[in-house]
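# Structural characterization, general
What follows is each chain in one-letter form.
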Protein chains: 2
Amino acid sequence: MMTANVTDRMDVGGKLKAARRSKGLSQRDLALRAGLTNGAISLIEQNKTSPSVASLKRLLDAVSMTLSEFFSEIEETNGPKFFYGADEFIELSPQEIGLSEGASRVSLRQVGNASLHALQMLHETYPPGADTGPGMLVHESEEAGIVISGAIEVTVGDHVKVLNPNDGYLFDSRLPHRFRNLGDTPCVVVSACTPPSF
Amino acid sequence: MMTANVTDRMDVGGKLKAARRSKGLSQRDLALRAGLTNGAISLIEQNKTSPSVASLKRLLDAVSMTLSEFFSEIEETNGPKFFYGADEFIELSPQEIGLSEGASRVSLRQVGNASLHALQMLHETYPPGADTGPGMLVHESEEAGIVISGAIEVTVGDHVKVLNPNDGYLFDSRLPHRFRNLGDTPCVVVSACTPPSF
DNA sequence: TGCGCGCGCTTAGAATTCTAAACACATGAT
DNA sequence: ATCATGTGTTTAGAATTCTAAGCGCGCGCA
């Protein structure tokens, strides 16, 4: 039952109900037209299930509405999103960030849809031995972070330092930089970047 | 496995694949970001399953696209729809058409999304005893039909006639009219109406 | 009041989507 | 060549959506 959470805020069900009502149809009427059952519509309207695109399309056809219309309304109705549950973070794939192939697995979990914002915030986990690689990172941003647990060696230009919990960093990302976990416990860092670098 | 048919023409899968490719992601990359599995994405991209709205939303978030954007593109790409399978007809509910309460169940199956067109075409089935009711129908249209099987009594203004297979009718719908199946076999009629009356 | 009818809700089970694991194929390195 | 790695596909089974049937409630009418 985790699927519904994602769409909870969207309230697909409520919107569908409104559309149905505006046509003066009961759940059974709509069910008949769309070729579903009243029970299914009840569940969808209560956001107890997230309909398949196929089912939603049939429902919207029956009330003469297109999918893009439907979601435009939903996305207008929804104000901007401010809060994100831990399970909503987007897990970025290391290679896309420009990490060298064999580099140990770094977990980068991003808050929200960074490409819609000026600020990118990440929850990073460096397992023991993790390394962003000898090919130093370079991008047009400014970035900062704070170590939460474990320890990590940070290289910026020709400066190198090992940061421990509650230590932080802040630099211009155009300077070549690198992160390495030399210890034997995972290191967790929370970082921010502006503008988003990937 | 009937669900996919509806969305076949939409090619949700193909569109998703394009979006993923444009970000230079593999199915596995996207799966990691969106919190699904590569297998699921493979099936969706081949249109072998129709994703839930919740799943599609997660996928689109991961490629920084909104649902309305996604479906706008789809609906633009899709030319107008010309052909409709028998199972795609929209079943209209009698009461909405203005049929009296107790009137026997008439099945009205509409071709396509009439509210987007000037012409409304119906496949109508009148079971034995079916009657659009003594409260005569009136609307601002012109309508015509042909009897396919069975027989039906049609009243238009003060004219009454029983039509048999291959007989037809054509009149201004502002004249009060009524249909009754007096026989003991179902009567099937194919009718057209312009502009659509409901 | 009591009955019938339509409404939305609930629930067990059927059908579909999604997961986890394996497969087939290609490409590049040793 | 052979292996390792990356890609998309397939498949049995878990999880979720959807169906079919029934429930409870409210409203209108006898």
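Within each chain, residue numbers correspond to sequence positions counted from 1 in written order. All chains are assigned letters beginning with A, and all ligands numbers beginning with 1, in the order in which they are written. Under the rules for a predicted model, residues below a pLDDT of 70 receive no local features and side-chain atom pairs below 80 are neither given nor counted, while totals for whole chains, interfaces and linings still include all residues. Based on all heavy atoms of the structure, the side-chain values leave hydrogens and waters out of the count.

Chain A appears in an unreviewed UniProt entry as Transcriptional regulator from Marivita lacus.

## Describing the nonpolar core
As used here, the term nonpolar core means buried Ala, Val, Leu, Ile, Met, Phe, Trp, Tyr and Cys residues forming a set that is joined through side-chain atoms within 4.5 Å. For every residue, the accessible area obtained with a 1.4 Å probe (protein chains only) is divided by the maximum for its type, and the residue is called buried under 20%, exposed over 50%, and partly exposed between those limits. Of all hydrophobic cores here, the largest spans 42 residues; its most connected members are Leu60(A), Leu67(A), Phe70(A), Phe71(A), Leu60(B), Phe70(B) and Phe71(B). When residues no more than four places from it in sequence are discounted, the contact partners of Phe71(A) are Met10(A), Leu56(A), Val53(B), Leu67(B), Ser68(B) and Phe71(B). Contacts: residue pairs with any heavy atoms within 4.5 Å of one another.

## Notes on the confidence of the model for chain A
Here chain A shows a mean pLDDT of 77. Residues at 70 or above account for 76%. Contacts for the low-pLDDT stretch residues 1-7 of chain A, under 50 throughout, to residues beyond four places or in other chains number eleven contacts. Residue-level confidence of the predictor is summarised by pLDDT, bounded by 0 at the bottom and 100 at the top.

## Looking at the packing of aromatic side chains
Centre distance within 6.5 Å is the pairing criterion for rings of Phe, Tyr and Trp, where only the six-membered ring of Trp is used; planes under 30 degrees apart are then read as stacked, over 60 as edge-to-face, and the remainder as tilted. Considering all chains together, one arrives at five aromatic pairs over all chains under this definition. A ring pair is formed by Phe71(A) and Phe71(B), whose centres lie 5.5 Å apart and whose planes are at 10 degrees; its orientation type is stacked. With Phe71(A) in helix H6 (residues 67-77) and Phe71(B) in helix H6 (residues 67-77), this residue pair bridges two chains. Of the two residues examined, Phe71(A) and Phe71(B), each falls in the buried class. Relative to Phe71(B), the ring of Phe70(B) lies with its centre 5.3 Å away and its plane at 80 degrees, an arrangement referred to as edge-to-face. When its relative accessible area of 1% is taken as the criterion, Phe71(B) is described as buried. Linked through ring pairs, Phe70(A), Phe71(A), Phe70(B) and Phe71(B) together constitute an aromatic cluster. Secondary structure is summarised from DSSP: a helix means a run of H or I of at least four residues, a strand means a run of E of at least two, and numbering begins at the N terminus for each.

## Some remarks on the sheet that holds strand S8 (residues 177-180) of chain A
All names here are of chain A. The strand order across the open sheet formed by three strands is S6-S5-S8, and the pairing between neighbours is antiparallel. What marks the edges here is a single partner per strand, and that holds for strand S6 (159-163) and S8. Direction aside, the axes of adjacent strands within the sheet are offset by 15 degrees on average. Note on pairing: two strands pair once DSSP finds at least 2 bridges between them. Strand direction decides the pairing type here: strand S5 (residues 152-156) and S6, joined by five bridges, are antiparallel. Bridge pairing in S6 places Val-154 opposite Lys-161. With axes taken as lines fitted to C-alpha atoms, and helix axes fitted only over the stretch in contact, angles between N-to-C directions fall between 0 and 180 degrees.

## Considering the sheet that holds strand S8 (residues 177-180) of chain B
Residues and elements named next belong to chain B. Taken in spatial order, the three strands line up as S6-S5-S8 in an open sheet, and their pairing is antiparallel. Looking at the sheet topology across the chains shown, the edges are occupied by strand S6 (159-163) and S8. Averaged over neighbouring strand pairs, the angle between their axes works out to 15 degrees when direction is ignored.

## Thoughts on the pattern of salt bridges
Salt-bridge detection follows one rule: a side-chain nitrogen of Lys or Arg within 4 Å of a carboxyl oxygen of Asp or Glu. Under the counting rule described, the total for this entry stands at ten salt bridges over all chains. The partner of Glu73(A) in a salt bridge is Lys15(A), with the nearest N and O atoms 3.5 Å apart. Taken together, the residues span a long stretch of sequence, with Glu73(A) in helix H6 and Lys15(A) in helix H2 (residues 12-22) at a distance of 58 residues. For Lys15(A), a relative accessible area of 22% translates into the label partly exposed. Between Asp131(B) and Arg178(B) there is a salt bridge, and its shortest N-O distance comes to 2.7 Å.

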